[in-house]
Amino acid sequence: MVVSSQLKRVFFEKEPLDYPLGRQIYQQMQNAGQEVVFLQSHNRVTGIPGKSPREAFFQGKSTLVVGVRKTLDFATCKPSAHYQLPLVTGCEGICEYCYLNTQLGKKPYIRIYVNVEDILHQAAILIENRRPEITLFEAAATSDPVAVEPYSGSLARAIGFFAEQEWGRLRFVTKFTCIDTLLKLKHNNHTRIRFSVNTDQVIRSYEHRTPRLQHRLQALSKIVASGYPSGV
Ligand code: SF4
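An account of the accompanying structure is given in this report.

Conventions used here
Residues numbered from 1 in each chain as written. Predicted model: local features only at pLDDT ≥ 70, side-chain atom pairs only at ≥ 80, totals over all residues. Heavy atoms only, no water. Helix = DSSP H or I, 4+ residues; strand = E, 2+ residues; numbered from the N terminus. Rg over C-alpha atoms; globule rule 2.2 N^0.38 Å. Buried < 20%, exposed > 50% of the residue type's maximum accessible area, 1.4 Å probe, protein only. Contact = heavy atoms within 4.5 Å. Disulfide = S-S within 2.5 Å. Axes fitted to C-alpha atoms, helices over the stretch in contact; angles between N-to-C directions. Parallel < 35°, antiparallel > 145°, perpendicular 65-115°, else oblique. Left-handed = near helix turned anticlockwise from the far one by under 90°. Nonpolar A, V, L, I, M, F, W, Y, C, P; charged D, E, K, R; others polar. Phe/Tyr/Trp six-rings, centres within 6.5 Å; stacked < 30°, edge-to-face > 60°. Pairing = 2+ DSSP bridges. Salt bridge = Lys/Arg side-chain N within 4 Å of Asp/Glu carboxyl O.

**A short note on the overall build of the protein**
Link 1 in the chain: Check the secondary structure of the protein and you find 8 helices and 13 strands.
Link 2 in the chain: Here the C-alpha radius of gyration of the protein, 17 Å, is about what a compact globule of 232 residues would show, namely 17 Å.
Link 3 in the chain: Overall, the protein is about 50 × 45 × 35 Å in size when its C-alpha atoms are taken along their principal axes.
Link 4 in the chain: Taking all 232 residues of the protein together, the buried fraction comes to 50%.
Link 5 in the chain: Sequence-distant contacts, at least 24 apart, represent 74% of the contacts inside the protein between residues at least 6 apart.

Printed below as a string of structure tokens:
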């Protein structure tokens, strides 16, 4: 695994080591020589430097927190889906117009939730409650989960889960290109992957720390070749 060059620090809550994914991410960070600091309490991240709010914001964007999702009340996600699928929050990209800049307030760091099975179990309950209507979940409502997929593998697990759901569908949008681990998955056309695109001039000017247009289009063409429903 290659640790993102944007990543400056990694925090772990204590509970993630009780989960296979938590142990896996921890081992990956150890193998990559990335120092891991354990947090004393859930949801209280201290130790991100920054003398001003602006500096703290940018440092937060280079900080990964690995934790357990405590609340399994999924927010609604109208009009694009019925519910958010909260696998990840935050994003290492720094797009000047991103609504996460205000939505996440003083917590701009990236958070991976290791209790993916609990999250998918909750999705299964919501799907069951709405059948025979299709229930649609959006995995990129509060993050770009593709950016951390090399560490988390959460999207791959979710795609496999939704492939088996007669009444459930998954969708997410991304600007990031680390999608190779998704290409050979059985998806049953139940996951739609869209790419957010812009001209290179706009990307250079406003979408900092995100892949260039050409790389996004190359990733999109791989997704199309793998048979996923897709779009821009
Ligand atoms: S890539 Fe998406 S989620 Fe990340 S900062 Fe840009 S607009 Fe926001």
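**Concerning the state of the cysteines**
Link 1 in the chain: According to the stated counting rule, one finds 0 disulfides in the structure shown.
Link 2 in the chain: Cysteine Cys178 remains unbridged, with the sulfur of Cys91 as its closest cysteine sulfur at 10 Å.
Link 3 in the chain: Taking relative accessible area as the criterion, Cys178 reaches 29% and is therefore assigned partly exposed.

**Side note on the packing of helix H4 (residues 116-130) against helix H6 (residues 154-163)**
Link 1 in the chain: Viewed as axis vectors pointing N to C, H4 and H6 meet at an angle of 30 degrees, and their least axial separation amounts to 11 Å. Here H4 is positioned roughly parallel relative to H6, judged by the angle of their axes. Crossing angle aside, the handedness with which H4 passes H6 is right-handed. Here Val116, Glu117, Leu120, Ala123, Ala124 and Ile127 of H4 lie close against H6, whose contacting residues are Ser154, Arg157, Ala158, Phe161 and Phe162.
Link 2 in the chain: Here the contact of H4 with H6 is composed, by residue class, of 8 nonpolar, 1 polar and 2 charged.

**Quick look at the packing of aromatic side chains**
Link 1 in the chain: One pass over the full model with this rule turns up 8 aromatic pairs.
Link 2 in the chain: With a centroid separation of 6.4 Å and an interplanar angle of 85 degrees, the aromatic rings of Phe74 and Phe137 are classed as edge-to-face. With Phe74 in the loop between strand S3 (63-67) and strand S4 (76-77) and Phe137 in strand S9 (residues 135-138), this residue pair connects regions lying 63 residues apart in the sequence. The residues Phe74 and Phe137 share a single accessibility class, namely buried.
Link 3 in the chain: Measuring from centroid to centroid gives 5.0 Å for Phe161 and Phe162, while their planes differ by 90 degrees, and the two rings are edge-to-face.
Link 4 in the chain: Put simply, the rings of Phe74, Tyr83, Phe137, Phe161 and Phe162 pair up and form one aromatic cluster.

**Structural notes on the pairing of strand S8 (residues 110-113)**
Link 1 in the chain: On S8, burial covers both faces: Ile110 and Ile112 on one face and Arg111 and Tyr113 on the other are all buried.
Link 2 in the chain: Here S3 runs beside S8; their pairing, made up of 4 bridges, is parallel. Opposite Gly67, over in S8, you have Tyr113 as the bridge partner.
Link 3 in the chain: Bridge count between strand S6 (residues 88-89) and S8: 2 bridges; the pairing is antiparallel. Among the inter-strand pairings, Thr89 is bridged to a residue of S8, identified as Arg111.

**Structural notes on the sheet that holds S6**
What holds strands together in a sheet is hydrogen bonding between their backbones, with the strands either parallel or antiparallel.
Link 1 in the chain: Here we have 5 strands laid out as an open sheet, ordered S2-S1-S3-S8-S6, and mixed in their pairing. Looking along the sheet, the strands with just one partner apiece sit at the ends: strand S2 (36-38) and S6.

**Comments concerning the pattern of salt bridges**
Link 1 in the chain: In total, this model carries 10 salt bridges according to the counting rule given.
Link 2 in the chain: A salt bridge links Arg171 to Glu138; the shortest N-O distance between them is 3.5 Å. Here Glu138 lies in strand S9 and Arg171 lies in strand S10 (residues 168-174), a separation of 33 residues in the sequence.
Link 3 in the chain: In this structure, Asp200 and Arg212 form a salt bridge, with 3.1 Å as the shortest nitrogen-oxygen distance. Here the residue Asp200 occupies a position in helix H7 (residues 200-206), and Arg212 occupies one in the loop between strand S12 (207-208) and helix H8 (213-225), the gap between them amounting to 12 residues.

What is shown is where atoms sit, not what they do.
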